[in-house]
Amino acid sequence: MEVKERRLKKPLRENPYLTFTQWQFPEDPEYRIIGKVVPPKDTDRITGKAPFSRDIKLPGMLYAKWLTSPYAHARVKKVDVSDVKSMPGVYDVLVCGDPDLQVEGSPEGLGVCEEYPWGQCNVKRPDIAFILPCEAVYEGQPVAVAVAAETPEKVDEALKMVKIEWEELPFVIDRDEALKPDAPIAQLFRGQDVNVVDPVAADLHSYVPWVAPGSDKCERGDVGKGLKEADRVIEFEIKVGTNCWGGGGVEPYASVAWIHNSYLDIWFRVQVPWMVPESAAGAPRGITLPIAASLAGVPLDKIHVHIPYTGAGFGGMNWVGNGALPTLLAVVLSKRTGRPVMVLADWSSFSGITEEEEGHYKFKVGFKNDGTVTAVEIWSNASRGHAGLAIPGCEKLFGITTIKNCRCESTVPYINKAPAACYKHGTTETIVLNEVFSQVAAALGKDPMEVALKNDGYFGHPMHPDMDEVKTKQGFPLRDSLKEVIEAGKKAMDWDNKWHPPGAKKLPNGKYHGLGFAWADEWRAGPWLPFASDNPYHAVLYFLEDGTATIKGMRTLIGVHEKTTYCQIVAEEAGLRYEDVELDHEFNEARLMFPAASGGLTWNSVILKELGMKAKRKLLEVASVHFNKRPEELDIKDSIIFERENPENKVTVRDIVSRYKAKFAGGVWATGETVLKGTEMPPTPREVHHWGRQAAFVEVEVDPDTGKVDVKKFVIVNDVGRVINPGSVAGQQYGGVYMGLGRAHTEEIIYDPLTGVKLNDSLTWYHVPTITDIPRLDAIAVETGLGYSAYGNMGVGEDPNCVARAVLRSAVYNAIGKWIDEDPITPFRVLKALGKG
Amino acid sequence: MNIPGEKKTDDIGVESKNLAKPPQIIGLTVNGRQHIFKVGVDIQPNTTLRDLLKERLGLYSPKEMCQGDGSCGSCTVMLDGKPVLSCLTLAVDCDGKSVETVEGIAEAGHPLIDAFRNNYAYQCGYCTSGFIVAAKALLDRNPNPTDEEIVKALSGNICRCGAYAAIISAVREAAERLKGG
């Protein structure tokens, strides 16, 4: 396949720190607006005019905060708020156990979990979070008392006056320790006599369908047989520490609720504002509003939802403790005080979540001398995402390799840290995937890309020829995505000239030189839901008499240029000018446009493409009366409707819409079903296959005297299927790499083993990479069209972070010739591996 | 009452720092407009400049990523032409001074705004105001910065979305425009 390389013009993304390149293919169509860098729509974010949740102000609004636990594990014995209630400016004091929070069968009061109405959120569910519990299970947890007062300062003063008698309880913050028989029980309210998460309650099956309901493992083939077939078997383990800041975004959470005249108005910062079924199993997500309505005593049609700008999300925003708890507390306090109430969740930055990859992983891998992996066995105790059970390896090792014999098993403990939640979903899976293949390549002395290509596949099958028939039937090109991203990345890194055996290259400056490679699939390959049978998502487009058009549909503006890209697609398909299209993301009644973060464009581009196509059809039907021509004899470009045979016979969209207002009164709506790729392929619900691949290439220098790892150059290659907006794609690639590198070697929360308290929960001591830490980055977007969305596009939000998070381990191994079995790769751990620690 | 120049001792006879009493009324100019606040009424002696700008003047732009320990840079504003962290600056210390926020920079039509837009030099935008103010301070004192000087000037600001490289491009473009390029 001939590859046509197209480099974008300066200065958009070409400077000493970033070069952005697209690898397009000769048959790719050119669009008028899609694929172009257009002026972004949400420039309020630049001018300081963008209101975020904390910027909301309402007449008479009160402020509220929680008390947070100073202990890793403690129970409230006695609370005295008598001095607080009489303080000037204090309007309400809510104490755990208050009747307004009581729920039958829940000693900790009202709790929410991710997927079920609160009546079904029993304490065995690992993702449950309580509005105001009496037992604190981690330091920094919002607990025991909440106060509402005139100003945030008065709330702070009032909370200081709370007299509370704690019962300090034994705690455990290490996952291995928590699984020992004599370990202290980390979370007493669950009523368990062990710390192990109940796999039945965790219900991983609803996320990963090939895990049997209630199981804590996934299995394929016969691992024992696979190990016997192997030429060699290796065993190794890694322990991954905690990093968490920013996992739920950078804006500390805040929610406003106002119950007035039987209505409930909410301003909040959540990932999924309204209940929508996401998974094929139909599990509802985004439950905040139905619960809020129930608490407020109003029906759903009396809720007005306002979604201010959002200081990012990164996956942790999906954890109900971050978004739902402040919202529901605000509703309770507004009901009690009769005032609008803003709840400030100041604790959320460092105590909102821990990240998904923390844990202990043990591997046993069998492989042939040619690099073919014959068996993998993994045990881990990580709690990947959703604050619940996880089985690392069950997604990517199972889903995107040829390995026929796999067993991945987890024993997940409750510990006394904040819940582990998604943080660029797929991070854990990518670490596990690459640990297997990097170690095999190292053991064989092979180039890691050779091993990756040898084992790349689909649910135990080689991609070729096994999946060719499916690809063809579903209308996809017969491309090999991993091969193409490797080809692009190797060239950009000059890999073949730089590659050397482990520990073999010491530079004149005394440092070791290393190269690393990591790969993964694209997690958001397309919409997952059973579109044809149960698709609740849609958007509406209204034309206005000045010729402009507004897309209506609820969506959190999480910071991925949603307004811009959505308007690009509709303008492209409808024949409108880009500047004539706008997005109203707070349209309650069309609330079903997929509103979350991951794959937002991947999901919504099918809806938006169909919306644009329907809008064009509508315009041409109405214009056909004006022209006295059939619609197919007309066309639209740049908001001008014209006769195909005689382009000078034309009229503006504005003229048509203003002249025939009644024809456009109902707007047009779309669900995306007609443009979804792969709909020809039974069975229903349609399976979305992951054809797209991503790869990271890194060049490092490791100082053997200090243990410091300097990243000299980074190449990130993402098969995005189709670039809708180069500015947005480049931003996701660069930002993901930056975040992944930080999490790989500079970011780690240190806990005091004697108290379980965080020692560095400040950006002064927790090092998020700044602009001074920039490595040179080449970002390459490969456009194979292998995604299931409207243009063959797929997501790019998660994977740059995931492969960047994973790749540093193999690069440091290549530099110093020794694997580091603890992670993140801090200078201390490098020195320890070199025998100097 | 504190009298300037007077030496004071506390109850155990240790000489204390001679602290001037905060003014009862402070006046400051924000984005070209004059404002007066009564200390103890409109603001308190411990009110930060950030809170004054947000709570009293309704300016959204100074953000609070680090929640007040000065480690994120998202609350950066210009005070008498120099970048300061408004979360660590007391409002009463700004008496008689001039403050500029990104709202003022945008109203003045500074090329940084267009440059940030053209270069997609932001994603969620929560940190963006701080970066633009810090960049404005750099360009005011050094209209022709090198990349290294841009990096140094913006080193106190954190962007978790990771727009750093695009921000460098934006600052370079703004510098070119200021030179008439």
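Residues numbered from 1 in each chain as written. Chains lettered and ligands numbered in written order. Predicted model: local features only at pLDDT ≥ 70, side-chain atom pairs only at ≥ 80, totals over all residues. Heavy atoms only, no water.

1. A closer look at the interface of chain B and chain A
Now for step 1: Counting from both sides, the interface comprises 47 residues of chain B and, opposite them, 61 residues of chain A.
Now for step 2: Applying the counting rule to chain B against chain A returns five salt bridges.
Now for step 3: Where chain B meets chain A, there are 18 residue pairs in polar contact (both at pLDDT 80 or more).
Now for step 4: Secondary-structure elements contributing two or more residues to the side of chain B that touches chain A are α1 (49–56), α2 (102–107), α3 (111–118), α4 (128–141), α5 (147–153) and α6 (164–178) of chain B.
Now for step 5: Among the elements that make up the side of chain B that touches chain A, the one with the highest residue count is α6(B) (six residues).
Now for step 6: Along the lines of polarity and charge, the residues of the side of chain B that touches chain A split into 21 nonpolar, 13 polar and 13 charged. (Contact = heavy atoms within 4.5 Å. Salt bridge = Lys/Arg side-chain N within 4 Å of Asp/Glu carboxyl O. Polar contact = N/O pair within 3.5 Å; in protein donor to acceptor, adjacent residues only side chain to side chain. Helix = DSSP H or I, 4+ residues; strand = E, 2+ residues; numbered from the N terminus. Nonpolar A, V, L, I, M, F, W, Y, C, P; charged D, E, K, R; others polar.)

2. Considering the packing of aromatic side chains
Residues and elements named next belong to chain A.
Now for step 1: If you walk through the whole model with that rule in mind, you get 23 aromatic pairs over all chains.
Now for step 2: Taken together, a centroid distance of 6.2 Å and an interplanar angle of 45 degrees make the contact between Phe-52 and Tyr-309 tilted. Taken as a pair, Phe-52 in the loop between α1 (44–47) and β4 (62–68) and Tyr-309 in the loop between β18 (303–306) and α8 (320–337) lie far apart in primary sequence, 257 residues in all. With respect to burial, Phe-52 and Tyr-309 carry one shared label: buried.
Now for step 3: Aromatic pair Trp-210 and Phe-459: ring centres 4.8 Å apart, planes at 90 degrees, arrangement edge-to-face. On the criterion of sequence distance, the pair formed by Trp-210 in the loop between α5 (199–202) and β12 (217–220) and Phe-459 in the loop between β23 (457–458) and β24 (461–462) is long-range, its members being 249 residues apart.
Now for step 4: Of the aromatic side chains, those joined through ring pairs into one cluster are Trp-210, Tyr-458, Phe-459, Phe-476, Trp-691 and Tyr-788.
Now for step 5: The aromatic ring of Tyr-578 is capped on one face by Lys-41, whose charged end is 4.4 Å from the ring centroid.
Now for step 6: Above the face of the Tyr-423 ring, Arg-743 is positioned so that its terminal group lies 3.7 Å from the ring centre. (Phe/Tyr/Trp six-rings, centres within 6.5 Å; stacked < 30°, edge-to-face > 60°. Buried < 20%, exposed > 50% of the residue type's maximum accessible area, 1.4 Å probe, protein only. Lys NZ or Arg CZ within 6 Å of the ring centre and 35° of its normal.)

3. Points about the sheet that holds strand β29 (residues 634–637) of chain A
Residue and element names in this part refer to chain A.
Now for step 1: Ordered in space as β29-β30-β31, the three strands form an open sheet in which the pairing is antiparallel. Strands at the two margins of the open sheet, each flanked by one partner only, are β29 and β31 (650–652). The sheet shows a mean angle of 25 degrees between the axes of neighbouring strands, taken without regard to direction.
Now for step 2: With three bridges joining them, strand β30 (residues 640–643) and β31 adopt antiparallel strand pairing. The partner of Ile-640 across the bridge, within β31, is Thr-652.
Now for step 3: Contacts from helix α18 (residues 600–627) reach β29, β30 and β31 within the one sheet, and its direction differs from that of β29 by about 125 degrees. (Pairing = 2+ DSSP bridges. Axes fitted to C-alpha atoms, helices over the stretch in contact; angles between N-to-C directions.)

4. Quick look at the packing of helix α12 (residues 448–455) of chain A against helix α14 (residues 481–493) of chain A
Residues and elements named next belong to chain A.
Now for step 1: Running from N to C, α12 and α14 cross one another at 165 degrees; their axes reach a closest spacing of 10 Å. Taken together, α12 and α14 sit at an angle that is classed as roughly antiparallel. Once α12 is placed against α14, the crossing between them reads as right-handed. Side by side, α12 and α14 meet where Met-449, Ala-452 and Leu-453 of the first sit next to Leu-482, Lys-483, Ile-486 and Lys-490 of the second.
Now for step 2: Residues that form the contact of α12 with α14 fall into these classes: five nonpolar, no polar and two charged. (Parallel < 35°, antiparallel > 145°, perpendicular 65-115°, else oblique. Left-handed = near helix turned anticlockwise from the far one by under 90°.)

5. Here we look at unusual backbone geometry
Excluding glycine, most residues fall at negative phi; most peptide bonds, likewise, are trans.
All names here are of chain A.
Now for step 1: Omega for the bond connecting His-464 with Pro-465 falls within 30 degrees of zero, at 5 degrees, which places this linkage in the cis form.
Now for step 2: Cis geometry marks the peptide bond from Asp-823 to Pro-824; its omega dihedral reads 5 degrees.
Now for step 3: Positive phi, normally seen in glycine, also occurs at Ser-262, with a value near 70 degrees.
Now for step 4: Among the secondary structure elements, Ser-262 is positioned in the loop between β14 (253–260) and β15 (263–267).
Now for step 5: Accessibility expressed as a relative area gives 46% for Ser-262, which makes it partly exposed.
Now for step 6: Of note in this structure, Asp-638 is not a glycine but carries a positive phi near 50 degrees.

6. Considering the environment of Gln44(B)
All names here are of chain B.
Now for step 1: Positionally, Gln-44 belongs in the loop between β4 (33–38) and α1.
Now for step 2: Under the relative-accessibility criterion, Gln-44 is labelled partly exposed at 36%.
Now for step 3: Those residues in contact with Gln-44, other than ones at most four positions away along the chain, are Val-39 and Val-92.

7. Quick look at the state of the cysteines
Now for step 1: All told, the structure shown has two disulfides over all chains when counted by the stated rule.
Now for step 2: The disulfide bridge from Cys96(A) ends at Cys134(A), spanning 2.2 Å between sulfur atoms. Residues Cys96(A) and Cys134(A) are joined by a disulfide whose S-S torsion is about 110 degrees; by sign, that bridge is right-handed. Here Cys96(A) is found in the loop between β6 (90–95) and β7 (111–112), whereas its partner Cys134(A) is found in the loop between β8 (129–130) and β9 (135–136), with 38 residues between them in sequence.
Now for step 3: Given a relative accessible area of 11%, Cys96(A) falls into the buried group.
Now for step 4: Judged by its relative accessible area of 22%, Cys134(A) is partly exposed.
Now for step 5: Not engaged in a disulfide, the cysteine Cys422(A) finds its nearest cysteine sulfur in Cys802(A); these two sulfurs lie 9.9 Å apart.
Now for step 6: Among the cysteines around Cys161(B), which has no disulfide bond, Cys124(B) carries the closest sulfur, lying 3.9 Å off.
Now for step 7: Taking relative accessible area as the criterion, Cys161(B) reaches 8% and is therefore assigned buried. (Disulfide = S-S within 2.5 Å.)

8. Topic: the nonpolar core
Residues and elements named next belong to chain A.
Now for step 1: Val-365, Phe-543, Ile-551, Ile-641 and Phe-714 are the most contacted members of the largest nonpolar core, which totals 197 residues.
Now for step 2: Once residues lying within four places of it in the same chain are set aside, the contact partners of Phe-714 are Met-493, Ala-696, Phe-697, Val-698, Val-737, Leu-741, Arg-776, Leu-777, Asp-778, Ala-804 and Val-807.
Now for step 3: Judged by nonpolar contacts, the second largest core, of 50 residues, contains Ala-257, Ala-324, Ala-330 and Val-332. (Core = buried A, V, L, I, M, F, W, Y, C linked by side-chain atoms within 4.5 Å.)

9. What to know about the pattern of salt bridges
Now for step 1: Here the structure, examined in full by the defined rule, presents 71 salt bridges over all chains.
Now for step 2: Across the pair Lys454(A) and Asp370(A) runs a salt bridge whose closest N-O atoms are separated by 3.8 Å. Separated by 84 residues along the polypeptide, Lys454(A) in helix α12 and Asp370(A) in the loop between β20 (359–367) and β21 (373–380) bring together distant segments of the chain.
Now for step 3: With relative accessibility at 36%, the residue Lys454(A) sits in the partly exposed group.
Now for step 4: We note a salt bridge from Glu173(B) to Arg177(B), for which the minimum N-O separation is 3.0 Å. Taken together, the positions of Glu173(B) and Arg177(B), both in helix α6 and four residues apart, correspond to about one turn of that helix.
Now for step 5: Arg177(B) gets classed as partly exposed once you look at its relative accessible area, which sits at 34%.
Now for step 6: Connected through shared salt-bridge partners, Arg54(A), Lys65(A), Asp156(A), Asp346(A), Arg50(B), Asp51(B) and Glu64(B) make up one network.

10. Structural notes on helix α3 (residues 152–160) of chain A
Residues and elements named next belong to chain A.
Now for step 1: Within the sequence span of α3, burial applies to Pro-152, Val-155, Ala-158 and Leu-159. For α3, the angular spread of the buried residues around the axis is 120 degrees, confining them to a single face.
Now for step 2: Elements in contact with the buried residues of α3: β4, α2 (82–85), β6, β10 (142–149) and β19 (341–345). (Arc of directions from axis to C-beta.)

11. Focus: α4(B)
Residues and elements named next belong to chain B.
Now for step 1: Relative to the 20 Å expected for 14 residues at 1.5 Å per residue, α4 spans 20 Å between its end C-alpha atoms, a close match to the ideal helical length.
Now for step 2: Among the 14 residues of α4, twelve are classified as buried, and the element is accordingly described as predominantly covered.
Now for step 3: The complete set of buried residues in α4 reads Thr-128, Ser-129, Gly-130, Phe-131, Ile-132, Val-133, Ala-134, Ala-135, Lys-136, Ala-137, Leu-138 and Leu-139. (Expected span 1.5 Å × (residues − 1).)

12. Regarding the sheet that holds β4(B)
Residues and elements named next belong to chain B.
Now for step 1: Here we have five strands laid out as an open sheet, ordered β4-β3-β7-β5-β6, and mixed in their pairing. One side of each edge strand has no neighbouring strand; the edge strands of this open sheet are β4 and β6 (82–85). Each strand axis lies, on average, 35 degrees off the axis of its neighbour in the sheet, ignoring direction.
Now for step 2: Sheet topology note: the strand β5 (residues 76–79)/β6 ladder contains four bridges and is antiparallel. Considered in β6, the bridge of Thr-76 is made with Leu-85.
Now for step 3: This element, α1, spans β3 (25–30), β4, β5 and β7 (98–100) of the sheet and lies at about 75 degrees to β3.

13. Notes on the pairing of strand β27 (residues 549–552) of chain A
Within a regular strand, the side chains alternate between the two sheet faces.
All names here are of chain A.
Now for step 1: Here β27 shows a buried face lined by Ala-549 and Ile-551 and a second buried face lined by Thr-550 and Lys-552.
Now for step 2: Judged from the four bridges that link them, strand β26 (residues 539–543) and β27 form a sheet pairing that is antiparallel. Across the sheet, Leu-541 pairs through a bridge with Ile-551, a residue of β27.
Now for step 3: The antiparallel hairpin formed by β26 and β27 contains five residues in its connecting segment, where Gly-547 sits at a positive phi of about 90 degrees.
Now for step 4: Bridge count for β27 against strand β28 (residues 581–584) is four bridges, and the pairing is parallel. Within β28, the position partnered with Ile-551 by the bridge is Leu-583.
Now for step 5: Traced from β27 through helix α17 (residues 562–574) to β28, the parallel crossover comes out right-handed. (Right-handed = clockwise from strand over helix to strand, strands pointing away.)

14. Overview of the environment of Cys75(B)
Residues and elements named next belong to chain B.
Now for step 1: For Cys-75, the position within the fold is in the loop between α1 and β5.
Now for step 2: Cys-75 sits 13 residues away from Leu-88 along the chain, and the two C-alpha atoms are 9.3 Å apart.
Now for step 3: In this structure Cys-75 touches Arg-50, Pro-62, Lys-63, Val-84, Leu-85, Ser-86 and Cys-87, once residues within four positions along its chain are discounted.

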